[in-house]
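In case you want the letters, here they are:
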Amino acid sequence: MAKKRLGMQTVQLEQPPVIIGAGSAAGPMEAEGPLGLDFDQTYPDLTIGQQSFEKAERQMMIDACNLALKKANLTQKPPQIDYFLAGDLLNQIITSSFSGLQLAVPFLGLYGACSTFCEGISIGSMLIDGGFADKVLCAASSHNAAAERQYRYPTEYGSQRRPYAQWTVTGAGALVLASSGQGPRVTHVTTGKVVDMGIKDPFDQGAAMAPAAVDTIVTHLKDTGRKVDYYDLIVTGDLARFGHEMAIRMAGQQNVVLDERYKDCGMLVFDPERQDVHSGGSGCGCSAIVTAGHLLKQMAQGKVKKLLLVATGALLSPTTFQQGDNIPAIAHAVALEA
Amino acid sequence: MMYLKAFIVGGLICLLAQMILDNTKLSPGHVLSGFTVAGGLLGGLGLYDRLISFAGAGATVPISSFGNALVKGALQEVNQHGMLGILTGMFQMTSAGITAAIVFAFLTAVTFNPKS
Amino acid sequence: MKIKQGTSQQSQQALYKQMVTKAEPKPPRLRNAIAAFLTGGLVCLTGEGITDFWEATMGITHKQAGDPTVATLVFLGALLTGLGFFDKMARFAGAGLAVPVTGFANAMTASALEFKREGLVFGIGGRMFQLAGAVIVYGVTTAFFVGLLASLLKMFR
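Everything numeric in this text was worked out from a predicted model, so none of it was measured.

Rules and cut-offs
Residues numbered from 1 in each chain as written. Chains lettered and ligands numbered in written order. Predicted model: local features only at pLDDT ≥ 70, side-chain atom pairs only at ≥ 80, totals over all residues. Helix = DSSP H or I, 4+ residues; strand = E, 2+ residues; numbered from the N terminus. Rg over C-alpha atoms; globule rule 2.2 N^0.38 Å. Buried ≥ 20, exposed ≤ 12 C-beta atoms within 10 Å, placed from the backbone. Contact = placed C-beta atoms within 7 Å. Core = buried A, V, L, I, M, F, W, Y, C linked by C-beta atoms within 7 Å. Nonpolar A, V, L, I, M, F, W, Y, C, P; charged D, E, K, R; others polar. Pairing = 2+ DSSP bridges. Right-handed = clockwise from strand over helix to strand, strands pointing away. Axes fitted to C-alpha atoms, helices over the stretch in contact; angles between N-to-C directions. Parallel < 35°, antiparallel > 145°, perpendicular 65-115°, else oblique. Left-handed = near helix turned anticlockwise from the far one by under 90°. Expected span 1.5 Å × (residues − 1). pLDDT = per-residue confidence, 0-100.

Trainee: What is the right way to look at the overall build of chain C in this model?
Mentor: Tallying secondary structure elements over chain C gives eight helices and zero strands in all. Going from the N terminus to the C terminus, chain C shows its helices and strands as α-α-α-α-α-α-α-α. Taken against the 2.2 N^0.38 rule, which gives 15 Å for 157 residues, the C-alpha radius of gyration of chain C at 23 Å runs more than 25% over that of a compact globule. Seen through its C-alpha atoms, chain C measures out along the principal axes to roughly 75 × 55 × 40 Å.

So, in structure tokens, the structure goes:
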């Protein structure tokens, strides 16, 4: 077995990389949500003065990256970054590629649907712990209008949303990981397997992703020998209300009790009473802005010392569900300690 | 009186569609295509015209009337010019709706911008 | 409903799907039904009024006024879509706005509007029928076969 592996799917980092900077940029609905004040930058509308929604998403990712780099004191141009790992929801991950163009550093594009943020942190941490990099910039973003027009319906189309449907978050989050410095550390990385429990409805992503989240969480605990109460907080990326409930049930069936320390970014980012988001938030940007904006601040303030972040992604495309395929999902976990 | 009938019949057709949408996983596209086909079949049987006589706009405004109009246009031409009428007559009665939709959709798209 | 580890993937999937279907929040069916009925009825009633208006204004028969009525409703649907109101109204009205020809107008306008960034040819022109195309395809195909059947029956009468 490779030196740093634990169990089936986990890597224990020998010299845990440090998060030395984080940046979050969010859209208007997110700014009006419960975590609005935690985001570094917010925008008043979805176009951010750009010609299209896609160009606006690019601007958000660049802004988030620049904010993270500034906090990490990496202000040279081009920044002293060894790798830029980024992903988003758009076809051919154009947001990330075009952001990489602007940053002008070595770029590796990622796609894990909404699990991309943790995928980036996972790979970035392993690059640093393996001695291949000193500083890695990880980012993920999503944009409600850009995602809707690609995956579902045009924004002005009059259709009714199902109560278990989710609202793609407009936001971008970025982290700078380093081999040394001050900040919370990434201690473990558990990489998920693709899981398919037979869900076919593209609007029911919470139910599609919950089994993947549970699979990864249970495997992580088994591999590390930890119990749920080791962590102050276990947070999934975007299962939202319905998926959160299904995850608790499925974990319970495997004798893992997810109690009130288990939360979900999709539920944290919006207020279901005031905002018409049905089940809650979704998208790469969801876990990204909640982590970069809110959770890391909680860790800095000492309110959370041990966090297990589990970003979840539904690996469908408009083609697959129209061809009658199920919706497989994946979940990646990273363990952070202050 | 026609206003009341239009209201009730139109409302019932929409109600039926809503019930299908809420109780199955069918998409609006499926339901609307289905209603169009249904309108065409009822039109072929001569039943849809009776509904129009009864309820006026309650039957002509829903999308099912599009299916009926396509069938009627085809049949009208067949009566006058034989089998070839199936090909030449279909858009006779639906031309106004389709033309208006294309032109107004184009003008709107050029004038406005998508928001959210 | 316990999903046993070690059982076949298919039975695990079937059990999970059952669990999901039971737990899935259902749409407010009664509210949606009432809203669809009232809105749909209102749109059709308005259509009847518009028909009377054109009949009087242009001095045509009630039947002939059907065409300008459809055109008027299409115009209103397109305009409301462009102004950004249609989708907000449809969230409440559901089938009440989708089933009348206003829904057809909205589908075409929303698609054309959304993809205008991709230009006049690929965007507005190429994408206009993305959502509404199915209605035209299946309407025409049905009419073709119904017409064929009807004319064949006539021949053999």
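Trainee: Before we go on, may I ask you to explain the overall build of chain A in this structure?
Mentor: For chain A, the helix and strand inventory stands at ten helices and 15 strands. At 18 Å, chain A has a C-alpha radius of gyration in line with the 20 Å of a compact globule built from 338 residues. Its C-alpha atoms give chain A principal-axis dimensions of roughly 50 × 50 × 35 Å. Taking all 338 residues of chain A together, the buried fraction comes to 61%. When contacts within chain A are restricted to residue pairs at least 6 apart in sequence, those whose partners lie at least 24 apart make up 79%.

Trainee: Looking at this structure, how should I read the environment of Ser142(A)?
Mentor: All names here are of chain A. For serine 142, the location among the structural elements is in strand β7 (residues 135–142). Spatially, the C-alpha atoms of serine 142 and threonine 95 are 8.8 Å apart, while their sequence positions differ by 47 residues. If near-sequence neighbours (up to four positions away) are discounted, serine 142 is found in contact with Asp88, Leu89, Ala147, Thr168, Val169, Thr170, Gly171, Gly283, Cys284 and Gly285.

Trainee: It is not clear to me how the nonpolar core should be interpreted in this structure. Could you clarify?
Mentor: One recurring pattern in soluble globular proteins: nonpolar side chains tend to sit buried together. Membership of the largest hydrophobic core comes to 117 residues, with the highest contact counts inside it found for Ala68(A), Leu137(A), Ala174(A) and Val310(A). With ten residues, helix α2 (residues 53–71) of chain A is the largest single contributor of residues to this core. Contacts of Val310(A), omitting those with residues within four sequence positions, involve Cys118(A), Ala213(A), Thr216(A), Ile217(A), Ile234(A), Val235(A), Thr236(A), Gly237(A), Ala331(A) and Ala333(A). Counting 72 residues, the second largest nonpolar core, distinct from the first, contains Leu75(B), Val78(B), Val74(C) and Leu113(C).

Trainee: Sorry if this is basic, but what is going on with the interface of chain C and chain A here?
Mentor: Interface size is often expressed as the accessible area that is lost when the parts come together. Residue-level contacts link 32 residues of chain C with 23 residues of chain A. Sorting the residues of the side of chain C that touches chain A by element identifies α1 (9–23), α4 (86–93), α5 (95–98) and α6 (101–114) of chain C as the ones contributing at least two each. Taken together, the residues that form the side of chain C that touches chain A break down as 16 nonpolar, eight polar and eight charged.

Trainee: In this structure, what is going on with the pairing of strand β6 (residues 107–110) of chain A? I would like to understand it.
Mentor: Put simply, side chains in a regular strand alternate between the two faces of the sheet. Residues and elements named next belong to chain A. Looking at chain direction, strand β5 (residues 83–88) and β6 are connected through four bridges and run parallel. Considered in β6, the bridge of alanine 86 is made with glycine 109. Following the chain from β5 across helix α3 (residues 94–103) to the adjacent parallel β6, one finds a crossover that is right-handed.

Trainee: So what exactly am I meant to see when it comes to the interface of chain B and chain C here?
Mentor: Across the boundary between the two partners, chain B contributes 56 residues, which contact 60 residues of chain C. Elements with a contribution of two residues or more to the side of chain B that touches chain C: α1 (2–23), α2 (28–44), α4 (57–60), α5 (64–81) and α7 (95–111) of chain B. The element best represented in the side of chain B that touches chain C is α1(B), accounting for 16 residues. Looking at the side of chain B that touches chain C, its residues break down into 39 nonpolar, 15 polar and two charged.

Trainee: Would you mind going over unusual backbone geometry with me for this structure?
Mentor: With glycine set apart, most residues show a phi of negative sign, and most peptide bonds adopt trans. Residues and elements named next belong to chain A. In the segment running from lysine 77 into proline 78, the intervening peptide bond is cis, with an omega of 0°. Structurally, proline 78 can be placed in the loop between α2 and β5. In this structure, alanine 113 is a non-glycine residue whose phi angle is positive, near 50°. According to the C-beta neighbour criterion, alanine 113 is buried, with 26 such atoms within 10 Å.

Trainee: Mind showing me how you'd approach the packing of helix α2 (residues 29–58) of chain C against helix α3 (residues 66–83) of chain C here?
Mentor: Each packed pair of helices is defined by two parameters, the angle between the axes and the distance between the axes. All names here are of chain C. Contact pair α2 / α3: the axes reach a minimum separation of 9 Å and the direction vectors enclose 125°. Overall, the two elements α2 and α3 adopt an arrangement that is oblique. With respect to the hand of their crossing, α2 and α3 are arranged in right-handed fashion. Within the contact between the two elements, α2 uses Gly47, Ile50, Thr51 and Trp54 and α3 uses Gly66, Pro68, Thr69, Thr72 and Leu73. Grouping the constituent residues of the contact of α2 with α3 by class yields four nonpolar, five polar and no charged.

Trainee: Would you take a moment to explain helix α4 (residues 116–129) of chain A for this structure?
Mentor: Along an α-helix, a turn takes 3.6 residues, which lines up residues three or four apart on a common side. Residues and elements named next belong to chain A. For α4, with 14 residues, the first-to-last C-alpha span of 20 Å sits near the 20 Å given by 1.5 Å per residue. Within α4, twelve of the 14 residues are buried, leaving the element largely enclosed by the surrounding structure. Every buried residue of α4 is listed here: Thr116, Phe117, Cys118, Glu119, Gly120, Ile121, Ser122, Gly124, Ser125, Leu127, Ile128 and Asp129.

Trainee: How do you make sense of the confidence of the model for chain C when you look at a structure like this?
Mentor: Low pLDDT marks stretches whose predicted atomic positions should not be read closely. Here chain C averages 92 in pLDDT, while 96% of its residues score no lower than 70. What the predictor reports for the complex is a pTM of 0.93 with an ipTM of 0.93.

Trainee: Please clarify how the packing of α5(B) against helix α8 (residues 133–155) of chain C should be interpreted in this entry.
Mentor: Packing of α5(B) against α8(C) leaves a shortest axis separation of 8 Å and a crossing angle of 35°. Pair α5(B) / α8(C) crosses with right-handed handedness. Residues Phe66(B), Gly67(B), Leu70(B), Val71(B), Ala74(B), Leu75(B) and Val78(B) of α5(B) form the contact with α8(C), whose participating residues are Val135(C), Gly139(C), Val140(C), Thr142(C), Ala143(C), Val146(C), Gly147(C), Ala150(C) and Ser151(C). Classifying every residue of the contact of α5(B) with α8(C) by side-chain character gives eleven nonpolar, five polar and no charged.

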